[in-house]
Amino acid sequence: MPEIELLRLDHAAALLAFEQENRAYFAATIPDRGDAFFARFDEVLRDRLAEQGTGACYFHVVVGDGGDVLGRFNLVDVADGGADLGYRVAELAAGRGLATWAVHELCGIAAARYRLTVLRAATTLDNLASQAVLARSGFAVVGETRLSGRPGLTYTRSLTDAAPAPGTGAAG
């Protein structure tokens, strides 16, 4: 059974493999990270972990039974009880409900562990899979946007009804 884990330095090799193996797949629906991301991966990871240490962001990975990274689920721009949700799932794990499961779990973690009350998200109009994940996870469309020049939708989800995720120490 996959597990959601807070990003750590020892995820580096599996995370880099995940990003490299899925680069073209991701680029079809979300902006590419660019060559500099891969060339400076160790530095980027250390920067993300330092940022996470401040509480401004929380980066999570979904790890499979063999230790491979199946997805990234991030809460960024944490402030005033809210955060922006972003995620990407490996091509080999897509279409199996992993994203919906992980977003649901992360909503509980965000409420219980990080004391957040609202999450925001956005997706391009052509990313029907992400739109479906967000809808199944209780997000509502609240507006339109442009993402890297492409038309998209913005979403929000209140976390006041989010079930605490297992192991968060929250009552429930």
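If you're wondering where the values come from, they're calculated on a predicted model, not measured in any experiment. Numbers given to residues run from 1 along each chain, matching the order in which its sequence is written. Owing to the predicted nature of the model, reporting of local features is limited to residues with pLDDT of at least 70; listing and counting of side-chain atom pairs is limited to 80 or more, with chain, interface and lining totals taken over all residues. Note: side-chain values were computed over all heavy atoms of the structure, leaving out hydrogens and water.

Colleague: Can you tell me about the nonpolar core, naming the residues and giving the values?
Modeller: Note on soluble globular proteins: their nonpolar side chains tend to be buried together. In terms of nonpolar packing, the biggest core is built from 29 residues, with Phe 73, Leu 75, Leu 85, Leu 119 and Phe 139 touching the most fellow members. Of all the secondary structure elements, the ones that give two or more residues to this core are strand E2 (58-63), strand E3 (69-79), strand E4 (82-89), helix H5 (98-112), strand E5 (118-124), helix H6 (128-136) and strand E7 (150-158). The leading source of residues in this core is H5, at 9 residues. Apart from the residues within four sequence positions on either side, Leu 75 is in contact with Cys 57, Tyr 58, His 60, Ala 83, Asp 84, Leu 85, Leu 106, Ala 110, Tyr 114, Leu 116 and Leu 119. Of all hydrophobic cores here, the second largest spans 16 residues; its members include Leu 45, Phe 59, Val 63 and Val 69. Only buried residues count toward a nonpolar core, which is a set of Ala, Val, Leu, Ile, Met, Phe, Trp, Tyr and Cys residues joined through side-chain atoms within 4.5 Å. Whether a residue is buried, partly exposed or exposed follows from its accessible area with a 1.4 Å probe, protein chains only, as a fraction of its type maximum: under 20%, in between, or over 50%, in that order. A run of H or I in DSSP becomes a helix once it reaches four residues, and a run of E becomes a strand once it reaches two; helices and strands are each numbered from the N terminus. Contact definition: two residues touch when any of their heavy atoms are within 4.5 Å.

Colleague: For empty space enclosed by the protein, give the residues involved together with the corresponding values.
Modeller: Think of a 1 Å grid over just the protein atoms. A cavity is a set of points where a 1.4 Å probe fits yet cannot get out, a pocket is an open set with protein on both sides within 12 Å along at least five of seven lines, and lining residues have an atom within 4 Å of a point. Grid points are joined across faces, edges and corners, and a volume is the space filled by probe spheres set on the points. By the definition in use, this model includes 1 cavity of 30 Å³ or more. When its volume is computed, the largest cavity comes out at roughly 50 Å³. The wall of the largest cavity is formed by Glu 19, Arg 23, Phe 26, Ala 27, Ile 30, Pro 31, Asp 32, Arg 33, Phe 38 and Arg 88. Top element by residues in the lining of the largest cavity is helix H2 (residues 23-27). It accounts for 3 residues.

Colleague: Would you mind going over the pattern of salt bridges in detail, with residue names and values included?
Modeller: Side-chain pairing between opposite charges can occur once the charged atoms of the two side chains come close. When a carboxyl oxygen of Asp or Glu is within 4 Å of a side-chain nitrogen of Lys or Arg, the pair counts as a salt bridge. Under the definition given, this model contains 9 salt bridges. With a closest N to O distance of 3.3 Å, Glu 5 and Arg 8 form a salt bridge. Overall, Glu 5 belongs to the buried group, its relative accessible area being 19%. Residue classification places Arg 8 among the partly exposed positions, given a relative accessible area of 39%. One continuous salt-bridge network, built from bridges that share partners, spans Glu 19, Arg 33, Arg 72 and Arg 88.

By themselves, these are just geometric observations and shouldn't be taken as functional.
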